[in-house]
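# A closer look at the structure
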Amino acid sequence: MLPEPVLERAKDELLSFRGTGMSVMELSHRSSYFESILEGAERGLRDLLAIPVNYKILFLQGGASTQFAMVPTNFLRGGASADYVITGYWGKKAIAEARRNAAANEIYNSEAAKFTVIPAAEELSFSPDAAYIHYTSNETIDGVEFDYELDGKGIPVVCDACSNILSKPIGIEKYALVYAGAQKNIGPSGVTVVIIRDDLIERVPSNLHPLSDYRALSENKSMVNTPNTWGIYIIGLVCEWLEQQGGLEAMKTRNEAKAKSLYDAIDSSDGFFRGRANRPARSMMNVTFNLPSAELERRFCEEAAKLGMDGLAGHRSVGGIRASIYNAFPKEGIDELVGFMQEFAGKNS
Ligand code: PMP
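Residues numbered from 1 in each chain as written. Predicted model: local features only at pLDDT ≥ 70, side-chain atom pairs only at ≥ 80, totals over all residues. Heavy atoms only, no water.

### A word on the sheet that holds strand 4 (residues 133–136)
Condition: Here a strand pair is declared whenever DSSP counts at least two bridges between the two strands. Secondary structure elements are defined from DSSP: runs of H or I of at least 4 residues count as helices, runs of E of at least 2 residues count as strands, and each element is numbered from the N terminus. Angles shown run from 0 to 180 degrees and are taken between the N-to-C directions of axes, each axis being a line fitted to C-alpha atoms and, for helices, limited to the stretch in contact. Working rule for contacts: check all heavy atoms of both residues, and any pair within 4.5 Å makes them a contact.
Strands sit in the order 1-9-8-7-4-2-3 across an open sheet of seven strands; the sheet is mixed. Looking along the sheet, the strands with just one partner apiece sit at the ends: strand 1 (55–60) and strand 3 (103–109). Averaged over all neighbouring strand pairs, the angle between strand axes comes to 20°, with direction disregarded. In terms of strand pairing, strand 2 (residues 81–86) meets strand 4 through two bridges, oriented parallel. In the strand pairing of strand 4, Asp83 is matched with Ile133. Packed onto the sheet, helix 2 (residues 32–49) meets strand 1 and strand 9 (192–197) and runs at close to 130° relative to strand 1. Contacts between helix 4 (residues 89–101) and the sheet are confined to strand 2, strand 3, strand 4 and strand 7 (157–160), with strand 3 contributing the most and set at about 160° to the helix.

Here's what the structure looks like:
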């Protein structure tokens, strides 16, 4: 979901952006108007996440999946290897891309536990020569989230933060690179935000294709070629909306309350609903659970959809139910879902 006030504002400005008589989609990306849009989106993210000056913010294309390949392409040259922490579906995809052309160590993998757990910090030990450590702060499909930020102890930490970025404050200085497809909490699909520390940019080899080259993209302010102008514009509006909501501390409080309502409904159902993730690993953004049978899960989704609650089926790889409750998802929607869950359990247990 995108916040409704953002969509309203975009609608108001659709035909004429700030009196230009042109839509953002029609403005040249080299125009001063677009320059101010890009600066606004960057400033918005920098303020919300308190991103220090020694980090660049890039607005790229190709989705987070392209970052799975770009990170190793930029940092695993000349026999270097990286450590990967695999806590779900997306982490597996990330390491597969790293291994396409380089070496990557799987230093943790919870697949045997069906990706329902998150390692304690003490369980992880890193290879001293790792070029970086990669992890996924929230596994969108499995519904498991780190409740702490990984400390690389001097090794650069790269984080796929697709599905929990902007849901709470984070300490950016703990990371060397954070990436996220915009389509969950930041804006529309088609833009990927990359936050990268300057010293990492200096490690980029000199012979890369410019669209895969963090240095070239940074030197050209994300405009090696035409960027997703509309997507970047919406990101700026979402950042303004988040500031108006009280910033990321306020979002965290709100998101915790939303998730708690759903997990409480699961835990108080006498076992009718079963949370998929281990309790300490439960995600604040993607609440995954099961019903007593696949048939009941199918009916649950069907009946919910009739009431306007669509998209509750879990990812095809895990089944079950998944309620994705990103920033813009309102508390009222949670209350409605909780009401429906209680009614459904009452009728079917
Ligand atoms: N990582 C995570 C954690 C995701 O949730 C997703 C998409 N849902 C991706 C990577 C892939 O993103 P994209 O579709 O933008 O390539």
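### So, the site of the ligand
Here is the rule: Any residue with at least one heavy atom within 4 Å of a molecule or strand is counted as near it. We define a polar contact as two N or O atoms separated by no more than 3.5 Å, with the added condition that, inside protein, one atom must be a possible hydrogen donor and the other a possible acceptor, whereas residues neighbouring each other in sequence contribute only through side-chain atom pairs. Working definition of accessibility: Shrake-Rupley area with a 1.4 Å probe, residue cover restricted to the visible protein chains. Under this grouping Gly is polar, as are all residues other than the nonpolar Ala, Val, Leu, Ile, Met, Phe, Trp, Tyr, Cys and Pro and the charged Asp, Glu, Lys and Arg.
Taken together, the residues surrounding the ligand are Gly63, Ala64, Ser65, Phe68, Trp90, Thr136, Asn138, Thr140, Asp160, Cys162, Gln183 and Lys184. Residue Ser65 places a side-chain N or O atom 2.6 Å away from an oxygen atom belonging to the ligand. For the ligand, the accessible surface in isolation is 400 Å², of which the surrounding protein chains cover 85%. Here the residues of the shell around the ligand are counted per class, giving four nonpolar, six polar and two charged.

### Some words on the pairing of strand 8 (residues 177–181)
Formally: Throughout, exposure labels follow a simple rule: accessible area from a 1.4 Å probe, protein chains only, divided by the maximum for the residue type, with under 20% read as buried, over 50% as exposed, and the rest as partly exposed.
With five of five residues buried, strand 8 lies mostly within the body of the structure. Covered by surrounding structure in strand 8 are Leu177, Tyr179 and Gly181 together with Val178 and Ala180, the residues of both alternating faces. Direction of pairing for strand 7 relative to strand 8: parallel, over a ladder of three bridges. Of the residues in strand 8, the one forming a bridge with Val158 is Leu177. When strand 8 meets strand 9, the two strands line up antiparallel, connected through five bridges. From the neighbouring strand, Leu177 faces strand 9, where its bridge partner is Ile196.

### A closer look at the domain arrangement of the protein chain
For the record, the criterion: Note: domain ranges come from an automatic or database domain assignment. Once two parts are joined, some of their accessible surface, as seen by a 1.4 Å probe, is lost; buried area is that loss totalled over both. Counted as salt bridges are all cases of a side-chain nitrogen of Lys or Arg within 4 Å of a carboxyl oxygen of Asp or Glu.
Taken as a whole, the protein chain is organised into domain 1 (4–244) and domain 2 (247–348). Computed over C-alpha atoms, the centres of domain 1 and domain 2 are 27 Å apart. Tallying the contact residues gives 28 residues for domain 1 and 26 residues for domain 2. With both sides pooled, the region where domain 1 packs onto domain 2 buries about 2100 Å², and carbon together with sulfur makes up 55% of that total. For the interface between domain 1 and domain 2, the tally reads one salt bridge. For Asp142, the salt bridge goes to Arg276, with nearest N and O atoms at 3.5 Å. On inspection of domain 1 and its partner domain 2, the count reaches 15 residue pairs in polar contact (both at pLDDT 80 or more). Sorting the residues of the side of domain 1 that touches domain 2 by element identifies helix 2, strand 5 (138–139), strand 6 (144–145) and helix 7 (229–244) as the ones contributing at least two each. Broken down by element, the residue count for the side of domain 1 that touches domain 2 peaks at three residues, all from helix 7.

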